[in-house]
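So you can see what is in the structure, the chains are spelled out below.
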Amino acid sequence: MTRIMIVEGELLISEELTAIINSIDSNIETTMTSDAKEAISSARNSYYDIFLVDVQLSGYSGFELAKEIRNIYKYKLTPIIFITAIPSKELLAFKEILCYDYIIKPLKEDKVRSVLETTINYVMTKKESYLKLIQKGHSYLVEQGGILYIESRNKKIYVITMEEEIELSSYTLKELLEK
């Protein structure tokens, strides 16, 4: 199941975003909060596939929150979409925090829908594509979207992911490419 956290200071905007998400796919679970510390705690204790973060949270910077999310290892590459009423701030987001996209307030449903559909489709496609590797009696199920790179060294193949390095001696690069 795809899970999205919405960190937005205005309840009405959170509810509108949730309604748009539910219209895209009613099986997506959304969590809403306006508190950055609650968001960080929840992110550490659960897993989210996408974050929607208000740039101007009450008493907290959305950029700082995004940096804290990025500092949690499992979210190094997770899509973060900023919500902002000040379009000039998105440049900072893209440069410093690897922001996936941004949504401008007041919300325009067609723009929001476009950004969310693209992001949700990316996350769902990534979740569904696994590579099954068998090596010396061990079976590995590797999410293709989580593979950072594959290299050949000393007559062995290495699959490098965010979590591990898998050493393979019974595959060639060509075979992996075909899989």
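Before any of the text, the structure's been laid out above.
Here the structure is a predicted model, which is why all the values come from computation and not from measurement.

Rules used in this analysis
- Residues numbered from 1 in each chain as written.
- Predicted model: local features only at pLDDT ≥ 70, side-chain atom pairs only at ≥ 80, totals over all residues.
- Heavy atoms only, no water.
- Pairing = 2+ DSSP bridges.
- Helix = DSSP H or I, 4+ residues; strand = E, 2+ residues; numbered from the N terminus.
- Axes fitted to C-alpha atoms, helices over the stretch in contact; angles between N-to-C directions.
- Core = buried A, V, L, I, M, F, W, Y, C linked by side-chain atoms within 4.5 Å.
- Buried < 20%, exposed > 50% of the residue type's maximum accessible area, 1.4 Å probe, protein only.
- Contact = heavy atoms within 4.5 Å.
- Parallel < 35°, antiparallel > 145°, perpendicular 65-115°, else oblique.
- Left-handed = near helix turned anticlockwise from the far one by under 90°.
- Nonpolar A, V, L, I, M, F, W, Y, C, P; charged D, E, K, R; others polar.
- Salt bridge = Lys/Arg side-chain N within 4 Å of Asp/Glu carboxyl O.

A. Geometry of the sheet that holds strand β11 (residues 156-161). Across the sheet, three strands lie side by side as β10-β11-β12; this open sheet has antiparallel pairing. Where the open sheet ends on each side, the last strands, each with one partner, are β10 (147-153) and β12 (165-168). Sheet twist, expressed as the average angle between the axes of neighbouring strands with direction ignored, equals 15 degrees. One ladder, built from four bridges, connects β11 with β12; its direction is antiparallel. Paired with Y158 across the two strands is E167, which belongs to β12.

B. Focus on the nonpolar core. In terms of nonpolar packing, the biggest core is built from 21 residues, with F51, V53, L65, I69, Y75, I80 and F82 touching the most fellow members. Of all the secondary structure elements, the ones that give two or more residues to this core are β1 (3-7), α2 (36-45), β3 (50-54), α3 (62-70) and β6 (80-84). Setting aside chain neighbours within four positions, we find V53 in contact with V7, G62, L65, I69, I80, I81, F82 and I83. Grouped together as the second largest cluster of nonpolar side chains are 18 residues, L17, I20, I103 and V112 included.

C. Expanded view of the packing of α2 against α3. At a minimum axis separation of 10 Å, α2 and α3 run at an interaxial angle of 15 degrees. The angle between the axes of α2 and α3 places the two elements in the roughly parallel class. As for the relative orientation of α2 and α3, their crossing is right-handed in sense. Mapping the contact onto sequence places A36, A39 and I40 in α2 and L65, E68 and I69 in α3. Per-class residue counts for the contact of α2 with α3 are five nonpolar, no polar and one charged.

D. Structural view of the environment of S34. Its location among the elements puts S34 in the loop between β2 (29-33) and α2. Along the backbone, S34 and M162 are 128 residues apart, and their C-alpha atoms lie at a distance of 30 Å. If sequence neighbours within four positions are ignored, S34 has contacts with E8, G9 and L57.

E. Fine view of the pattern of salt bridges. Enumeration over the complete set of coordinates arrives at ten salt bridges. Salt-bridge contacts for E165 lead to R153; the nearest nitrogen and oxygen are separated by 3.8 Å. Taken together, the residues span a long stretch of sequence, with E165 in strand β12 and R153 in strand β10 at a distance of twelve residues. Relative accessible area serves as the criterion here: at 48%, E165 is assigned to the partly exposed category.

Shape is all these values report; function is a separate question.
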